[in-house]
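Secondary and tertiary structure notes
Here is what each chain is made of, one letter per residue.
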Amino acid sequence: MAKILYGQPVVDSIKSDLAERVKTLKEKSVSPGLAILRAGERPDDIAYENRLTTMCEMLGIRHRTEEVDRSVSQYDLAAALERLNRRSDVHGIIVFRPLPDHIDDDMICDLISVDKDIDCMNPDNLKGLFTGRNKAFAPCTAEAVIELLRFYGFQLDGANVAIINRSSVIGKPLTLLFLDQNSTVMICHSHTKNIKAITRSADIVVTGTGKGEYFGPEYVSPGTVVVDVGISFKEDGTMTGDVEFDAVCEKAAAVTPVPKGIGGITSAILLRHIIESAEKYAW
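Overview of the structure.

Cut-offs used in this document
Residues numbered from 1 in each chain as written. Predicted model: local features only at pLDDT ≥ 70, side-chain atom pairs only at ≥ 80, totals over all residues. Heavy atoms only, no water. Pairing = 2+ DSSP bridges. Helix = DSSP H or I, 4+ residues; strand = E, 2+ residues; numbered from the N terminus. Axes fitted to C-alpha atoms, helices over the stretch in contact; angles between N-to-C directions. Contact = heavy atoms within 4.5 Å. Patch = residues over 30% accessible without salt bridge, like charges linked within 9 Å, V, L, I, M, F, W, Y side chains within 5 Å. Areas by Shrake-Rupley, 256 points an atom, 1.4 Å probe, with all protein chains shown as cover. Salt bridge = Lys/Arg side-chain N within 4 Å of Asp/Glu carboxyl O. Lys, Arg positive; Asp, Glu negative; His and termini not counted. Charge placed at Lys NZ, Arg CZ, Asp CG, Glu CD. Buried < 20%, exposed > 50% of the residue type's maximum accessible area, 1.4 Å probe, protein only. Polar contact = N/O pair within 3.5 Å; in protein donor to acceptor, adjacent residues only side chain to side chain. 1 Å grid on protein atoms, 1.4 Å probe; cavity = no way out; pocket = protein on both sides within 12 Å on 5 of 7 lines; lining within 4 Å. Points joined across faces, edges and corners; volume = space filled by probe spheres on them. Left-handed = near helix turned anticlockwise from the far one by under 90°. Expected span 1.5 Å × (residues − 1).

Attention shifts here to the sheet that holds strand 4 (residues 92-95). With respect to topology, three strands assemble into an open sheet ordered 3-2-4, the strand pairing being parallel. Single-partner strands in this sheet number two, and they are strand 3 (62-68) and strand 4. Sheet twist, expressed as the mean angle between neighbouring strand axes with direction ignored, is 15°. Inspection of the sheet shows strand 2 (residues 33-39) paired to strand 4 by four bridges, in the parallel sense. Bridge pairing in strand 4 links Ile 36 to Ile 94. Helix 2 (residues 43-59) rests against strand 2, strand 3 and strand 4 of the sheet, and its axis sits at about 170° to strand 2. Those strands touched by helix 3 (residues 74-86) are strand 2, strand 3 and strand 4, and its axis lies near 175° from that of strand 2.

Before going further, it helps to examine a negative patch on the surface. There is a patch of like negative charges on the surface, built from Glu 218, Glu 244, Asp 246 and Glu 250. Take Glu 218: it is sitting in the loop between strand 7 (204-207) and strand 8 (225-228). Residue Glu 218 is classed as partly exposed on the basis of its relative accessible area, which comes to 34%.

With that settled, consider the side chain of Ser 277. Take Ser 277: it is sitting in helix 10 (residues 262-282). Overall, the relative accessible area of 8% leaves Ser 277 in the buried class. Only 2.6 Å separates the side chain of Ser 277 from the backbone oxygen of His 91, close enough to count as a polar contact. If sequence neighbours within four positions are ignored, Ser 277 has contacts with His 91, Asp 115 and Phe 137.

What follows concerns the layout of surface pockets. Space inside the largest pocket adds up to approximately 1400 Å³. Tyr 48, Arg 51, Thr 141, Ile 231 and Thr 266 are the residues nearest the centre of the largest pocket, which is lined by 45 residues in total. Those elements that place two or more of their residues in the lining of the largest pocket are helix 1 (8-27), helix 2, strand 4, helix 6 (140-151) and helix 10. Put simply, the second largest pocket is a space of about 350 Å³. At the level of secondary structure, the elements contributing two or more residues to the lining of the second largest pocket comprise helix 5 (123-131), helix 7 (171-180) and helix 10.

With that settled, consider the packing of helix 6 against helix 7. Contact geometry for helix 6 and helix 7: axes closest at 8 Å, N-to-C directions at 35°. Handedness of the helix 6/helix 7 crossing: right-handed. On helix 7, the residues that touch Ala 142, Glu 143, Val 145, Ile 146 and Leu 149 of helix 6 are Pro 173, Leu 174, Leu 177 and Phe 178.

The six strands lie next to each other as 1-11-8-7-5-6, forming an open sheet whose pairing is parallel. Each having just a single partner strand, strand 1 (3-4) and strand 6 (184-188) make up the two edges of the open sheet. In terms of strand pairing, strand 1 meets strand 11 (residues 254-255) through two bridges, oriented parallel. Directly across from Ile 4, in strand 11, lies its bridge partner Val 255.

Moving on to helix 6. Because an α-helix completes one turn every 3.6 residues, residues spaced three or four positions apart along the sequence face the same direction. Over its 12 residues, helix 6 runs 16 Å from end to end, which matches the ideal 16 Å to within 8%, given 1.5 Å per residue. Among the residues of helix 6, those classed as buried are Cys 140, Thr 141, Ala 142, Glu 143, Ala 144, Val 145, Ile 146, Leu 148 and Leu 149. Count one or two residues on from helix 6 and you reach Gly 153, which has phi positive near 80°.

What follows covers the pattern of salt bridges. For the coordinates displayed, the defined rule picks out 14 salt bridges. Note that Glu 276 is salt-bridged to Arg 21, the shortest N-O span being 4.0 Å. One end of the pair, Glu 276, is in helix 10; the other, Arg 21, is in helix 1, with 255 residues separating them in the sequence. The partner of Glu 143 in a salt bridge is Arg 272, with the nearest N and O atoms 2.9 Å apart. Here the residue Glu 143 occupies a position in helix 6, and Arg 272 occupies one in helix 10, the gap between them amounting to 129 residues. Across the pair, Arg 272 and Glu 143 agree in class, each one buried. Look at the salt bridges and you will find they share partners, linking Asp 17, Arg 21, Glu 276 and Glu 279 into a network.

Geometry only, nothing functional implied.
Set out below in structure tokens:
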């Protein structure tokens, strides 16, 4: 039976460290601040915002939300973002996506201040992550995967890793983070041949397709560690991940659940990035 890799112990460890760092910053008269730019009131956005703001309040991080209508013009959305870029009391900015269809997503990402881009949306930060020439914040979900694996003591140096996702939010940056740990990485996607053979031979598999419960026991071997970052919903509204959880648990060595897995760690990483940004300001 697989070990279940719950996210909450990882979150608690991160929060304990952050609470001390916030205290130190406030002794230097610096109060870390988060700004959320949200278009409309999508239920997923509201739920995520509530989780973030609750954690902010627990840690003593200030937060503000700039809400615009879903019909907002490109000009007005860009102006709202520029106002947040200029605020000295804002150390981290996150723009909730997907943005409305009429908005140029790339342009908005380009406008986020490099120093306040806590989820690596600005392409300049993505370049920095690739080249290693600056200390860009990694996308939070990708960093959360590494955080979880290290917390539970899994060997990353020399590990064979299969990632079923090639997006710029998860698969591509996560590949770089694993390479930094001296892992050997194979990226899989919809055109990859023999995915099951690849994942069965991997020490660690990260899946993020958003296809509910498609990943069954035939994808793993005894000893496989499976990290599920996929999110989808059943007809009854129940959240599920990519993994057919009960069946995979019967065969794999360790599996993250959905929910109660990577999601909470992702939020905690975001808050850590805010504090790291504020620390640069303070020092």
